[in-house]
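Commentary on secondary and tertiary structure
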Amino acid sequence: MFEQALAVTAATTIALLVLTEIIAAVLPMVIVLLFVPPHERDGLARLLAACDSSRRLRLWPALRAAVQARRRATEQVR
C-alpha cells in the first residue's frame, strides 16, 4: 500500500511540474496575442529579447528573431 501511494505521489508531482512548465511557456504568448496590439509586438519582442532570453520565451517567433538579432549585435561588438 505504501509503495502504491508513493508511486501515485511521485507521478502526481511530475505531472504537476510538466503542466506548470507548459503553462509557463504558453501563457506569455497568449497574453501577447490577446492584449498587445499587432503594431507593438515587434517592439515588445525586442524588449523581451534584451531582458530575457530563456527557452520558454523563444516559442514566440518574433522573439526568437529578436534574440538572434541581439546575439549577432553583441558578437559584432566584441
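What you are looking at is a predicted structure, and each value in this text was computed from that prediction instead of being measured.

What to know about the overall build of the protein chain
Counting its regular elements, the protein chain contains 3 helices and 0 strands. Reading the protein chain from its N terminus to its C terminus gives the helix and strand order α-α-α. With an accessible surface of roughly 6,300 Å², the protein chain has 67% of that area assigned to carbon and sulfur atoms.

Side note on helix α1 (residues 2-35)
Taking 1.5 Å per residue, 34 residues should reach 50 Å; α1 reaches 48 Å between its end C-alpha atoms and fits that length. In α1, a bend of some 30° at Val26 exceeds every other bend along the element, and Pro28, a proline, comes one to four places later.

Parameters and conventions
- Residues numbered from 1 in each chain as written.
- Predicted model: local features only at pLDDT ≥ 70, side-chain atom pairs only at ≥ 80, totals over all residues.
- Heavy atoms only, no water.
- Helix = DSSP H or I, 4+ residues; strand = E, 2+ residues; numbered from the N terminus.
- Areas by Shrake-Rupley, 256 points an atom, 1.4 Å probe, with all protein chains shown as cover.
- Expected span 1.5 Å × (residues − 1).
- Bend = angle between axes of the 7 residues up to and from the residue.

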